[in-house]
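So you can see what is in the structure, the chains are spelled out below.
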Amino acid sequence: MSIQILAPGGRTLGVNQAWEDLWQIREGSALKAHVLSSAYNVLHDPQLIAHGIAPLLQRAFDGEPVTLPAIRYDVATLDGDGPARWVTARAHPIKDDDGRVLEVMLIHEDITERLAAEQALLEQDRRKDEFLAMLAHELRNPMAPISAAADLLRTLGPSEERVRKASEVISRQVRHMTSLVDDLLDVSRVTRGLIQLERSVVEVAAIVANAVEQARPLIQARGHAFAIEGDTDGIRLHGDPHRLVQVVVNLLNNAAKYTPRGGRIALAIARAGTTVTISVRDNGIGLDSELLPHVFDLFTQAERSPDRAQGGLGIGLALVRNIVSMHGGHVTAHSDGPGLGSLFTVTLDVADDGAALAVAVCA
């Protein structure tokens, strides 16, 4: 319990060890000396006056217990070093037998971590709401062409050409909807630990070839130049080949979606000792410093263009992190900023000697 004892009028008489721990007081601290200075009066502290704390404290000196609102104290401004803390306090008057206030005991509570947790929950809730709106949009988009194709068949009557075109439209849009639902089911199963990996020894060459085959249509549709660099010969992993392909496909698709039309994407493979790096590099929109720490969080997306051309639900990178983690690895992200591309690095074990395998992916 962090305690500060105040004399009538607002001068600090003393503090306990918990108070010193709260403010990370060092021996001979300037902050402690300042607070205990005979010239220092809490009722005249500009910061307390600015936040309306001093008038409340005066009520405690008048004999009324008071709970003070939270205030952000920047310790660095007082002590030359230390963090900014959010602190609230309860002020209890200590009276003599005649009811006169002898002292006021301030019991401080550090609520910095609690406020941070509350803010994180609010941010998660905001992202959830954005995701639900995005999901409704993405699921609604395929319905219009499906409905139009059905109306065409109904109003104009069947013919071989009309049936063929309508069938192509419906099939294409149903595949898109199926892909969205599969991604949702996938991320739900992975995050709840319901996925069982089917491990085997697999060649990196097979993973790369399979992933490129799946991602190439999107890369070509957006007019990107694409190149594969390096040698995969003899490099093997021990893992679920389907899930490892999914990791590379998601990163390639992410690069394709968030690179302006006509961009450049390169997938490079290199072996270094017991590690292998697979790099997916583009000249896309990059990541700003605020988004970067959250890029693998569920439902996080870079800013979309007005026509929502990038598409997707913001779950691909979350799947990447979870799948890599299930393989005993980890993934990190780096970007020099907006317009400068991004770097994703996945680390796993190699199959031949059990050493750490690094899969570095730039998107």
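Residues numbered from 1 in each chain as written. Predicted model: local features only at pLDDT ≥ 70, side-chain atom pairs only at ≥ 80, totals over all residues. Heavy atoms only, no water.

### Digging into the overall build of the chain
- On a plain count of helices and strands, the chain comes out with 10 helices and 13 strands.
- The buried share of the chain, taken over its 363 residues, is 42%.
- For the chain, restricting intrachain contacts to residue pairs at least 6 apart in sequence, the fraction spanning at least 24 positions comes to 60%.
- For the chain, the exposed surface amounts to about 19,000 Å²; the carbon and sulfur share of it is 53%. (Helix = DSSP H or I, 4+ residues; strand = E, 2+ residues; numbered from the N terminus. Buried < 20%, exposed > 50% of the residue type's maximum accessible area, 1.4 Å probe, protein only. Contact = heavy atoms within 4.5 Å. Areas by Shrake-Rupley, 256 points an atom, 1.4 Å probe, with all protein chains shown as cover.)

### A few points about helix α4 (residues 53–61)
- Of the residues making up α4, those classed as buried are I53, A54, L56, L57, A60 and F61. Taken end-on, α4 shows its buried residues confined to a sector of 160°, consistent with a single buried face.
- A positive phi of about 110° marks G63, the residue just after α4. (Arc of directions from axis to C-beta.)

### Focus: the pattern of salt bridges
- Counted under the stated rule, the structure contains 6 salt bridges.
- Linking R114 and E118 is a salt bridge whose minimum nitrogen-to-oxygen distance equals 3.8 Å. Here R114 and its partner E118 are both found in helix α6 (residues 112–156), 4 residues apart, which amounts to about one turn of the helix.
- Judged by its relative accessible area of 45%, R114 is partly exposed.
- Ionic contacts of the salt-bridge type, sharing partners, join the residues D96, D98 and R100 into one network. (Salt bridge = Lys/Arg side-chain N within 4 Å of Asp/Glu carboxyl O.)

### Overview of the nonpolar core
- In this structure, L252, L267 and I269 are the most contacted members of the largest nonpolar core, which totals 37 residues.
- Of all elements in the fold, only α8 (204–221), α9 (241–257), β9 (264–272), β10 (275–282), α10 (316–326) and β12 (342–349) reach the threshold of two or more residues within this core.
- Ranked by size, the runner-up nonpolar core spans 18 residues in total, among them V42, L48, I53 and F61. (Core = buried A, V, L, I, M, F, W, Y, C linked by side-chain atoms within 4.5 Å.)

### Things to note about the sheet that holds β10
- Judged by pairing direction, the sheet is mixed, and its 3 strands sit side by side in the order β7-β9-β10 without closing on themselves. Two strands lie at the open edges of the sheet, namely β7 (225–230) and β10, each paired on one side alone. Strand-to-strand twist across the sheet, computed as the mean angle between neighbouring axes with direction ignored, equals 10°.
- Note: β7 against β9, 6 bridges, orientation parallel. Bridge assignment links E229 to a residue of β9, and that residue is A268.
- Sheet strands touched by α8: β7, β9 and β10. Its angle to β9, the strand with the most contacts, is close to 175°. (Pairing = 2+ DSSP bridges. Axes fitted to C-alpha atoms, helices over the stretch in contact; angles between N-to-C directions.)

### A few points about the packing of aromatic side chains
- What the rule picks out here adds up to 1 aromatic pair.
- Residues F296 and F344 carry aromatic rings whose centres are separated by 5.5 Å and whose planes lie at 80° to one another, so their mutual orientation is edge-to-face. On the criterion of sequence distance, the pair formed by F296 in the loop between β10 and α10 and F344 in strand β12 is long-range, its members being 48 residues apart. Across this residue pair, the class does not change: F296 and F344 are buried. (Phe/Tyr/Trp six-rings, centres within 6.5 Å; stacked < 30°, edge-to-face > 60°.)

### Observations concerning the packing of α8 against α9
- Between α8 and α9, the least distance of the axes is 9 Å, while the angle of their chain directions is 30°. Relative to α9, α8 is oriented roughly parallel. Regarding α8 and α9, the two cross each other, and that crossing is right-handed. On α9, the residues that touch I207, N210, A211, V212, Q214, A215, L218 and I219 of α8 are L244, V245, V248, V249, L252, N253, A256 and K257.
- Of the residues belonging to the contact of α8 with α9, the class tally is 12 nonpolar, 3 polar and 1 charged. (Parallel < 35°, antiparallel > 145°, perpendicular 65-115°, else oblique. Left-handed = near helix turned anticlockwise from the far one by under 90°. Nonpolar A, V, L, I, M, F, W, Y, C, P; charged D, E, K, R; others polar.)

### Observations regarding the environment of R199
- The topology assignment puts R199 in the loop between α7 (160–191) and β6 (200–203).
- On the basis of relative accessibility, which here comes to 38%, the residue R199 falls in the partly exposed class.
- In this structure R199 touches H238, G239, D240, M326 and H327, once residues within four positions along its chain are discounted.
- Here H238 takes part through its backbone oxygen, which lies 3.3 Å from a polar atom of the side chain of R199.
- At a separation of 3.2 Å, a polar atom in the side chain of R199 contacts the main-chain carbonyl oxygen of M326. (Polar contact = N/O pair within 3.5 Å; in protein donor to acceptor, adjacent residues only side chain to side chain.)

### A look at α10
- When we look at burial in α10, the residues that qualify are L317, A318, L319, V320, I323 and V324.
- After α10 finishes, the residue G328 shows a positive phi value of roughly 80°.

### Side note on the pairing of strand β11 (residues 330–335)
- Strand direction decides the pairing type here: β11 and β12, joined by 6 bridges, are antiparallel. Within the sheet, the bridge partner assigned to H330 lies in β12 and is T347.
- Joining the antiparallel neighbours β11 and β12 is a turn of 6 residues, in which G337 adopts a positive phi near 135°.

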